[in-house]
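# Results of the structural survey
Residue strings, one per chain:
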Amino acid sequence: MSNIVVDLDEARCDLAAIFRWTARENMHEGIANHFSYAVSDDGQQFLMNPYGVHFSKMKASDLLLLDAHKSAKEQADNIDPTAWAIHGAMHRNNPQARCIVHLHTHYATALSALKDPSLPAIDQTTCRYHNRVAIDTGFDGMGLDDEAERLSTLLGNRRTMMMGSHGLMTVAETPSLAFDLAYHFERGCRTYITALSSGMPLAYVSDDVAEKTASQWEHYDTDQEAHLTAIRTILDEEEPEYRH
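Residues numbered from 1 in each chain as written. Predicted model: local features only at pLDDT ≥ 70, side-chain atom pairs only at ≥ 80, totals over all residues. Heavy atoms only, no water.

### Digging into the overall build of the protein chain
Our working definition: Strands are runs of DSSP state E lasting at least 2 residues, helices are runs of H or I lasting at least 4, and numbering of each runs from the N terminus. A radius of gyration in this sense is built from C-alpha atoms; the matching globule rule multiplies 2.2 Å by the number of residues raised to 0.38. Any residue under 20% of the maximum accessible area for its type is buried, any over 50% is exposed, and the rest in between are partly exposed; the area is computed with a 1.4 Å probe on protein chains only. Working rule for contacts: check all heavy atoms of both residues, and any pair within 4.5 Å makes them a contact. When charges are counted, neither His nor the chain ends are considered; positive counts come from Lys and Arg and negative counts from Asp and Glu. For charged residues, the charge sits on one atom: NZ in Lys, CZ in Arg, CG in Asp, CD in Glu.
Scanning the protein chain from N- to C-terminus turns up 8 helices and 7 strands. For the protein chain, whose C-alpha radius of gyration is 17 Å, the value lies close to the compact-globule estimate of 18 Å for 244 residues. Dimensions along the principal axes, computed over C-alpha positions, put the protein chain at roughly 55 × 45 × 35 Å. Out of the 244 residues belonging to the protein chain, those deemed buried represent 52%. Counting contacts in the protein chain only where the partners sit at least 6 residues apart, residues at least 24 apart contribute 70% of the total. Counting 20 positive and 36 negative side-chain charges, the protein chain places the averaged centre of each group 2 Å from the other.

### Concerning unusual backbone geometry
Unlike most non-glycine residues, asparagine 26 shows phi in positive territory, near 55°. Looking at the element boundaries, asparagine 26 is found in the loop between helix 1 (8-24) and strand 1 (34-38). Despite not being glycine, asparagine 131 has its phi angle at roughly 55°, a positive value. Mapped onto the secondary structure, asparagine 131 falls in the loop between helix 4 (124-127) and strand 5 (133-136).

### What about the nonpolar core?
The following threshold applies: Note on terminology: a nonpolar core comprises buried Ala, Val, Leu, Ile, Met, Phe, Trp, Tyr and Cys residues joined through side-chain atoms within 4.5 Å.
Counting 45 residues, the largest nonpolar core has Leu15, Phe35, Leu103 and Phe185 as the members making the most contacts within it. Listing elements by their share of this core, those giving two or more residues are helix 1, strand 1, strand 4 (99-103), helix 3 (106-112), strand 7 (167-172), helix 6 (175-197) and helix 8 (223-238). Discounting residues that sit within four places of it in the chain, leucine 103 has contacts with Thr22, Met27, Asn33, Phe35, Phe55, Gly167, Leu168 and Ala182. By size, the runner-up hydrophobic cluster in this structure holds 14 residues, among which are Ala85, Ile100, Ala148 and Met163.

### Digging into the pattern of salt bridges
A side chain of one charge can pair with a side chain of the opposite charge if their charged atoms are brought near each other. This is how the line gets drawn: A side-chain nitrogen of Lys or Arg and a carboxyl oxygen of Asp or Glu constitute a salt bridge if their distance falls within 4 Å.
Overall, the coordinates contain 16 salt bridges when judged by the stated rule. A salt bridge links arginine 243 to glutamate 10; the nearest nitrogen and oxygen atoms lie 3.9 Å apart. With arginine 243 in the segment after helix 8 and glutamate 10 in helix 1, the pair connects residues that are 233 residues apart, well separated along the chain. A residue is classified by how much of its surface remains accessible, and arginine 243, at 36% relative accessible area, is partly exposed. Look at the salt bridges and you will find they share partners, linking Glu10, Asp14, Arg232, Asp236 and Arg243 into a network.

### Looking at the side chain of threonine 105
Note on placement: threonine 105 falls in the loop between strand 4 and helix 3. If sequence neighbours within four positions are ignored, threonine 105 has contacts with Met27, Leu168 and Glu186.

### A short note on the environment of glycine 143
Mapped onto the fold, glycine 143 is located in the loop between strand 5 and helix 5 (146-152). Judged by its relative accessible area of 2%, glycine 143 is buried. Spatially, the C-alpha atoms of glycine 143 and methionine 27 are 19 Å apart, while their sequence positions differ by 116 residues. Contact partners of glycine 143, with chain neighbours within four places excluded, come to Thr82, Ala85, Ile86 and Ala148.

### Observations concerning the side chain of threonine 213
Inspection of the secondary structure assignment puts threonine 213 in helix 7 (residues 207-218). Classification of threonine 213 by relative accessible area gives buried; the value is 14%. Apart from residues no more than four positions distant in its own chain, threonine 213 is found in contact with Gln124 and Cys127.

### Describing helix 2 (residues 81-93)
Heads up, the rule is: Multiplying one less than the number of residues by 1.5 Å gives the expected span of a helix.
Between its first and last C-alpha, helix 2 extends 18 Å over 13 residues, near the 18 Å set by a 1.5 Å rise per residue. For helix 2, the buried fraction is high: 10 of the 13 residues fall into the buried class. Among the residues of helix 2, Thr82, Ala83, Trp84, Ala85, Ile86, His87, Gly88, Ala89, Met90 and His91 are the ones counted as buried. Buried-residue contacts for helix 2 involve strand 1, strand 2 (45-48), strand 3 (64-67), strand 4, helix 5 and strand 7.

Nothing here speaks to function; it is all geometry.
This is the structure:
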């Protein structure tokens, strides 16, 4: 975690962009759900969305700069309690998780409500998450206090967490990767739920091929940056106020 340099202005713009794009993709819940991005070297100071701003209207200047070791009341009035609890605990206990994307997307949340909330490898996209998802089946209410602390201990070395009866979380070094993981995880869940709804037998990918494909995904190092750059190019033309 040493010598990490984050351009605060660009960090704000990146986060504002993925908020707006999440709304465009209808992966949002209005003013609910939260993203955060650690901007300090130790990972304890982070940007997070304020309560009450719709994802589609988020601007760089709206984002709050918070400290994981201070109480919410010490820092701002417009902090959602569950956002603070979950993201504060995650940043305190997982400093490697620089950017955290937490969503209740349609298909991932539907999958989280099944007895088995795991996402099997049935196509190229779902293979990306083969053996790479932390599965939580211990839902104990909204992400406050003890529940937030419990969730923060389950990540391990994974980048994606399926939060049983709750939703999904992705973590990464950058907003571009955290968002890309969430975006494709939701698409993978959509494919799986759609395939299940056909009532026909599924063609599962073998463990060997799934692992090979997941490893290939991990070597597309610049793909996520290109995805965010493309998003920001569109927003620069159509919604340039996101940068303000």
